Amino acid sequence: MKTMTCRQFGGACDVKFHANNFDDMAAQSRKHGMEMFEAGDFAHLKAMKEMQNKMKAPNAMQEWMEARKKEFDAIPDS
């Protein structure tokens with residue numbers, strides 16, 4: 001089991017996600033992001049806007065996700 005935070009996924013808080021694989025971790029991050037979006041959480045909305053601006057370049061999202069996966073892979077199992 002590995003742990004990453006919302007902030008590590010480009011979010012605005014230190015909510016922790018726990019998963020055995022990267023896809024589950026990313027799904028938890030997306031779910032949390034949608035919940036914060038629906039709640040109108042200003043800090044998360046700001047982080048989402050910043051992320052959108054970063055992702056305008058071609059392949060930016062793919063490269064960003066690959067970097068998160070490498071970060072996930074480097075975390076020791078707990």
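Residues numbered from 1 in each chain as written. Predicted model: local features only at pLDDT ≥ 70, side-chain atom pairs only at ≥ 80, totals over all residues. Heavy atoms only, no water.

Caption draft 1: Quick look at the overall build of the chain. Counting secondary structure elements, the chain contains 3 helices and 2 strands. In sequence order, the secondary structure elements of the chain are arranged as β-β-α-α-α. Over its C-alpha trace the chain gives a radius of gyration of 13 Å, about what one expects of a compact globule, namely 12 Å for 78 residues. In terms of overall dimensions, the chain has C-alpha extents of about 35 × 30 × 15 Å along its principal axes. Here the chain holds 78 residues, and 31% of them are scored as buried. Pairs at least 24 residues apart make up 43% of the contacts formed inside the chain by residues separated by at least 6 positions. Within the structure as shown, the chain displays about 5300 Å² of accessible surface, and the carbon and sulfur contribution to it stands at 55%. The distance from the centre of the 12 positive side-chain charges to the centre of the 12 negative ones in the chain is 5 Å. (Helix = DSSP H or I, 4+ residues; strand = E, 2+ residues; numbered from the N terminus. Rg over C-alpha atoms; globule rule 2.2 N^0.38 Å. Buried < 20%, exposed > 50% of the residue type's maximum accessible area, 1.4 Å probe, protein only. Contact = heavy atoms within 4.5 Å. Areas by Shrake-Rupley, 256 points an atom, 1.4 Å probe, with all protein chains shown as cover. Lys, Arg positive; Asp, Glu negative; His and termini not counted. Charge placed at Lys NZ, Arg CZ, Asp CG, Glu CD.)

Caption draft 2: Expanded view of helix H1 (residues 22-39). With 18 residues, H1 extends 26 Å from end C-alpha to end C-alpha; this agrees with the ideal 26 Å at 1.5 Å per step. Buried within H1 are the following residues: Phe22, Met25, Ala26, Ser29, His32, Gly33 and Met36. Seen end-on, H1 carries its buried residues on one side only, within an arc spanning 125°. Structural note: H1 exposes Asp23, Arg30, Lys31 and Glu38 on the side pointing more than 90 degrees away from its buried face. Its side-chain oxygen placed 3.2 Å from the backbone nitrogen of Asp23, Asn21 serves as the N-cap of H1. Among the residues trailing H1, Gly40 stands out with phi positive, at a value near 70°. (Expected span 1.5 Å × (residues − 1). Arc of directions from axis to C-beta. Polar contact = N/O pair within 3.5 Å; in protein donor to acceptor, adjacent residues only side chain to side chain.)

Caption draft 3: Seen up close, the nonpolar core. Among the nonpolar cores identified, the biggest contains 15 residues, and Met4, Phe9 and Met25 are the most heavily contacted of them. Of all the secondary structure elements, the ones that give two or more residues to this core are strand S2 (16-19), H1 and helix H3 (60-74). Non-local contacts of Met4, meaning those with residues more than four positions away in its chain, are made with Phe9, Val15, Lys16, Phe17, Met25, Arg68, Glu71, Phe72 and Ile75. (Core = buried A, V, L, I, M, F, W, Y, C linked by side-chain atoms within 4.5 Å.)

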